[in-house]
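Given next are the chains, with one letter for each unit.
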Amino acid sequence: MADALDATGPTYAPADFSGWTCPAPLRDHDRVVMGHGGGGTLSAELVEHLFVPAFGNDVLSELGDSARLPASGERLAFSTDSFVVRPLFFPGGSIGDLAVNGTVNDLAMAGARPLFLSCGFILEEGVELAVVARVAEAFGAAARAAGVTVATGDTKVVEAGHGDGVFINTAGIGRIPDGVDIHPRRARPGDVILVSGAIGVHGVAIMSVREGLEFGVEIESDTAPLGDLVANLLAACPDVHVLRDPTRGGLATTLNEIAAASGVGVALEEDALPVPDAVANACALLGLDPLYVANEGKLAAFVPPDRADACLAVLRAHPLGKEAVAVGRCVPDHPGMVVSATGLGGTRVVDMPLGEQLPRIC
């Protein structure tokens, strides 16, 4: 396997986790806490124990980034998202282009070609119209760059002190090509896990400007639309098993969700993870793990082992995938668990985070 992994996969002795227990009590909250929005365990519990029972149906039960809908012989992907990032403008982007890219990327992770977006602006009384215009212009420019049409929208205003300038809600529709079947439950032992580039960049970019931190070099968000990259990948390898964009909760959360959905183990090679020096240094200073820091323009792909090299080459041929690497593979051991081989020859469990390291990063 090119660059990161050999044909036999990660070289560490499998650890035995069968006797492990968790001494922490179950979470018991009677009110919403910030961790409920972090993409980790608290988010999952909120969705699975409150919203799914209230809305439960076969379409929703798949719990993917977007729903797959049958429609007159076609297959459509449908997704919705909300954006409350603070600050509204940050190195490399803004809430406007983030809202577009986040939505079209959720569609692309189902293999869909994004087609249409809705846009709902929730404005706080007193926010400058010049700020709203700047956000709207960024939204429109990002939609044009992603090749999607903003087909409908809405605006609401809340009293001063009851918002944070601008919040955005979106929905998106895309078309899934024939022969494509991408789903979190399709990961299989032997699948090679590819990541399209450097991880942790977006979360560190937001934190640096929010907290006024300087790391010697400006770190810009990686926010970008991934539709073309996915289309190229599927043209070369239609049998991609799983695609996910590791946003809130980072790559660690994404891998844990897929391992749990498919009932496979995930074995990572820590030395293969594409963590830029600037991100690694910032995380070391802030006490963060780059695996849990958000991304907004990266994907993780689970591909059959005999197609891994070809898929990696396709990703690297695209500007948004030029730094793509193989970081691990699926294994039959420790199903539902993510384990990383460290540079010191040991292993560590990469668990699902409880809440979030960095609030309001999207």
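Everything below is about the structure printed above this text.
So, here's what we can say about the structure. Computed from a predicted model, the values in this text were never measured in an experiment. (Residues numbered from 1 in each chain as written. Predicted model: local features only at pLDDT ≥ 70, side-chain atom pairs only at ≥ 80, totals over all residues. Heavy atoms only, no water.)

**Observations regarding the packing of helix H2 (residues 95–108) against helix H3 (residues 129–146)**
Packed helices, taken two at a time, are described by the angle between their axes plus the distance between the axes. Two elements in contact, H2 and H3, have axes whose closest approach is 6 Å; the angle formed by their N-to-C orientations is 35°. Where H2 crosses over H3, the handedness of that crossing is right-handed. Here H2 contributes Ile95, Gly96, Asp97, Ala99, Val100, Asn101 and Val104 to the contact with H3, which in turn contributes Val135, Ala138, Phe139, Ala142, Ala143 and Ala146. (Axes fitted to C-alpha atoms, helices over the stretch in contact; angles between N-to-C directions. Helix = DSSP H or I, 4+ residues; strand = E, 2+ residues; numbered from the N terminus. Left-handed = near helix turned anticlockwise from the far one by under 90°. Contact = heavy atoms within 4.5 Å.)

**Structural notes on the sheet that holds strand E14 (residues 347–349)**
With mixed pairing, seven strands are arranged side by side in an open sheet as E9-E11-E8-E12-E10-E13-E14. If you trace the sheet from one side to the other, it starts and ends with strand E9 (242–244) and E14, each paired once. Geometrically, the sheet is characterised by an average inter-axis angle of 25° between neighbouring strands, direction not taken into account. Pairing analysis gives three bridges linking E9 to strand E11 (residues 300–303), with the strands arranged antiparallel. Note that in E11 the partner of Arg244 across the bridge is Ala300. Here helix H6 (residues 250–262) sits on the sheet in contact with strand E8 (192–195), E9, strand E10 (265–269), E11 and strand E13 (338–341), set at roughly 150° to E9. (Pairing = 2+ DSSP bridges.)

**Examining the packing of helix H5 (residues 227–236) against helix H8 (residues 308–316)**
At a minimum axis separation of 9 Å, H5 and H8 run at an interaxial angle of 150°. Classified by the interaxial angle, the pair formed by H5 and H8 is roughly antiparallel. Judged by the twist between their axes, the crossing of H5 over H8 is right-handed. Here Leu229, Asn232, Leu233 and Ala236 of H5 lie close against H8, whose contacting residues are Cys311, Val314 and Leu315. (Parallel < 35°, antiparallel > 145°, perpendicular 65-115°, else oblique.)

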